[in-house]
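Architecture at a glance
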Amino acid sequence: MELLESILLGIVQGLTEFLPVSSSGHLVLLEKAGFGKPDLFFNVMLHTGSLFAVILFYRKNVLALVRHPFRNGGPYYVWAMIPTGIMALLFDALASDALEGKYLPLGFMITAAALVLAECFRNSKIQTLSVKNSILTGVFQGIALFPGVSRSGLTLSALTLSGVERKTAADFCFMLSIPVIALSAVYELITVPFSEISVNPLNLAVGTAASFLSSLVAVRFMTAFVKKHRLYVFSFYLVIAAAISFLTIRP
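Residues numbered from 1 in each chain as written. Predicted model: local features only at pLDDT ≥ 70, side-chain atom pairs only at ≥ 80, totals over all residues. Heavy atoms only, no water.

**Re the overall build of the protein chain**
From N to C terminus, the protein chain includes 11 helices and 0 strands. Here the C-alpha radius of gyration of the protein chain, 17 Å, is about what a compact globule of 251 residues would show, namely 18 Å. Referenced to the eigenvectors of the C-alpha coordinate spread, the extents of the protein chain come out at roughly 50 × 40 × 35 Å. Evaluated residue by residue, the protein chain yields a buried proportion of 48% over its 251 residues. Sequence separation of 24 or more characterises 84% of the internal contacts of the protein chain that already satisfy a separation of 6 or more. For the protein chain, the accessible surface area stands at approximately 12,600 Å², while carbon and sulfur atoms represent 71% of it. (Helix = DSSP H or I, 4+ residues; strand = E, 2+ residues; numbered from the N terminus. Rg over C-alpha atoms; globule rule 2.2 N^0.38 Å. Buried < 20%, exposed > 50% of the residue type's maximum accessible area, 1.4 Å probe, protein only. Contact = heavy atoms within 4.5 Å. Areas by Shrake-Rupley, 256 points an atom, 1.4 Å probe, with all protein chains shown as cover.)

What follows is the structure, encoded as structure tokens:
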């Protein structure tokens, strides 16, 4: 993998992790288009760059949650993670071949539809976080295991449908990415044979740094964007991404 490819993949991962357009889908699409090659360890490290970025951005919230885990919405993160964890185990056992990207166009379209429908059928009465909407968010997050289905897009859609205030929804969505990315990275690293780790250390470091920096930009942008704008504007881009992936990826 060339150095410039590592930078490109890192930037794409960081931006699309928090924009509601699917980071995994874009990485698969770039790989299919010839940029880089499938490398699980490299992709895990790119996601780790995003993890450190969101921890840094929400450092005050994270510290408050660590000090008082039963306050600051702590239990709601647990409720959201339960259905996601169950769906992740089922996905790994029954549909892991979907990670190859054969359903990528469908994944992009699912995200586009979710963003539009969430705005159209949003609960007009402002709601607070609850066990019910936390579980719903966790279910939507589990659906995002498929490449092309955006985790941030679907979790924001679930909270939007529930009528949760936009800033609260964004904060909960992005904070929820911390345990998701961390647990996914640990699981993938455990399952990757050491002999298969062959990425150049410089490329790895530069790609991870690019992911970290672009993730900071994306999460800052999105937390400001969702307060004033509607999510469905990203659906236009997702339709284009679906068309490109349909033409690029062959069975």
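Next comes the rest of the description.
**Some points on the pattern of salt bridges**
Considering all chains together, one arrives at 3 salt bridges under this definition. Residues Arg 166 and Glu 119 are paired through a salt bridge, measuring 3.0 Å at the closest nitrogen-oxygen approach. Taken together, the residues Arg 166 in helix 9 (residues 166–191) and Glu 119 in helix 6 (residues 104–120) connect sequence positions 47 residues apart. Residue class for Arg 166 comes out buried when judged on its relative accessible area of 13%. By relative accessible area, which is 14% here, Glu 119 ends up buried. For the salt bridge of Asp 171 with Lys 167, the shortest nitrogen-to-oxygen distance reads 2.8 Å. On the criterion of helical spacing, the pair formed by Asp 171 and Lys 167 is a turn pair, its members being 4 residues apart in helix 9. The buried category is assigned to Asp 171, whose relative accessible area is 16%. Because the salt bridges share partners, they merge into one network encompassing Glu 119, Arg 166 and Arg 230. (Salt bridge = Lys/Arg side-chain N within 4 Å of Asp/Glu carboxyl O.)

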